[in-house]
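# Descriptive structure summary
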Amino acid sequence: TLGNPATPSTSSSTMQYAASSPNLFNHSRDSQSDDLMTSSVGVVQEKSSHSITTATVENGDLLERRCVRCSKSFYMYQSGQYYSKESCTYHWGKLRTDLQQYGDIYQTYHCCGAQAIKVRNKGCSTAKMHVWSGFPINGGIFGPLDGFIKTRTMKGACKEVRYTVYGLDCEMCYTTIGLELTKVTVVGLDGKLVYETLVRPENEIIDYNTRFSGITGKDYLVVRASKSLKEVQQDINGFISADSILIGHGLENDLRALKVIHDHVIDTSLVFPHFYGLPYRRSLRSLARSYLKREIQGNVWGHDSYEDARASIELMLWKVRKDMEKSQQAHDILTQQPAHHHQQATDHRHI
């Protein structure tokens, strides 16, 4: 059975966290996004005896992309082919910043523990080619937004079908046009698997992003039941209504990859904010360790989308339960105060 209806009390409590759909034009890839090269850029790199000139870029023959791993610029033809195939040396872990005594800033990479100031132009990992996110360098998103769908209201369905809660997680790979969907997983409020499938990217895959996606080329050979993005969209529209609540971590990335517009969403990266506030966000692994007392994403072969979707659901259930306990405690205190004052007044009259 598709979907796991939420109980009325849990659904109403969860609904207060549901915000509007994440803005598809705001993304958290500030220094890792890409755009056409402006006319102010001159000669940048060489390929054989030919050089990239301002005129070449102005005519639109080449497009500048910025690698999301090493932040270096590279160039592609409008057809999506690489102008030059250069290897990429990078740190796959996040840059962690710690404040030391006397206000000193100490930055280290989570992947290898190297100090950022000592390995400014060196990395601990190497990939065959640069990859990009699919976003303009100066922010925003490339248009037109073709292929997007909006979830529909199931007016004839009963409340148990319309008002459901799901956990969503997607995995992406790098293609010639940036990030594309490779896997989608949906779980119910009870944590049971509702929907899962591999997705065939429409463009050539440059890197499967296995360290984070857990997807390899062999997966498409072993599991031949992969679907196209349009088929996945049709499946999702079959059991997720416009009234459903979607819970996930960094949902704007998942919905953008799915090309789905949905109004009622709960993003655990916002419900459990970072100590320093936006644009910083706590990782799902950190949240699960802190609140669920459980380790996730420990597999060296990549993340498990089912595990991540279920963790998001459990985090929100924990949040709702704690908020209801606090509300009950506050109610008990308020109801006890009038009785206490009444007893004091009675004692005063007797005196």
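A brief look at the structure comes next. (Residues numbered from 1 in each chain as written. Predicted model: local features only at pLDDT ≥ 70, side-chain atom pairs only at ≥ 80, totals over all residues. Heavy atoms only, no water.)

## Some words on the pattern of salt bridges
Per the counting criterion, the structure on display carries 12 salt bridges. Here arginine 281 and glutamate 252 are joined by a salt bridge, their closest N and O atoms 2.9 Å apart. With a gap of 29 residues between them, arginine 281 in the loop between helix H8 (268-271) and helix H9 (284-292) and glutamate 252 in helix H7 (residues 251-258) connect regions that are remote in the sequence. With a relative accessible area of 29%, arginine 281 lands in the partly exposed category. Among the charged side chains, a network of salt bridges with common partners joins Arg285, Arg289 and Glu295. (Salt bridge = Lys/Arg side-chain N within 4 Å of Asp/Glu carboxyl O. Helix = DSSP H or I, 4+ residues; strand = E, 2+ residues; numbered from the N terminus. Buried < 20%, exposed > 50% of the residue type's maximum accessible area, 1.4 Å probe, protein only.)

## Brief notes about the pairing of strand E3 (residues 62-66)
Counting buried residues along E3, four of its five residues qualify, which places the element largely inside the surrounding structure. Where E3 meets strand E4 (residues 73-77), five bridges bridge the pair, whose relative direction is antiparallel. Looking at E4, one finds that leucine 62 is bridged to tyrosine 77. Linking E3 to E4, which pair antiparallel, is a turn of six residues; within it serine 71 sits at a positive phi near 70 degrees. (Pairing = 2+ DSSP bridges.)

## Details of a nonpolar patch on the surface
Among the surface-exposed residues, Phe275, Tyr276 and Tyr280 lie close enough to one another that they form a single nonpolar patch of about 440 Å² accessible area. Secondary-structure assignment places phenylalanine 275 in the loop between H8 and H9. (Patch = residues over 30% accessible without salt bridge, like charges linked within 9 Å, V, L, I, M, F, W, Y side chains within 5 Å. Areas by Shrake-Rupley, 256 points an atom, 1.4 Å probe, with all protein chains shown as cover.)

## Quick notes on the side chain of glutamate 171
The topology assignment puts glutamate 171 in strand E10 (residues 165-175). For the buried glutamate 171, which has no salt bridge, the nearest side chain bearing the opposite charge is lysine 183, at an N-O separation of 6.6 Å. If we skip the residues at most four places from it in the chain, glutamate 171 touches Glu180, Leu181, Thr182, Lys183, Phe212, Ser213, His303, Asp304, Ser305 and Asp308. (Lys, Arg positive; Asp, Glu negative; His and termini not counted. Contact = heavy atoms within 4.5 Å.)

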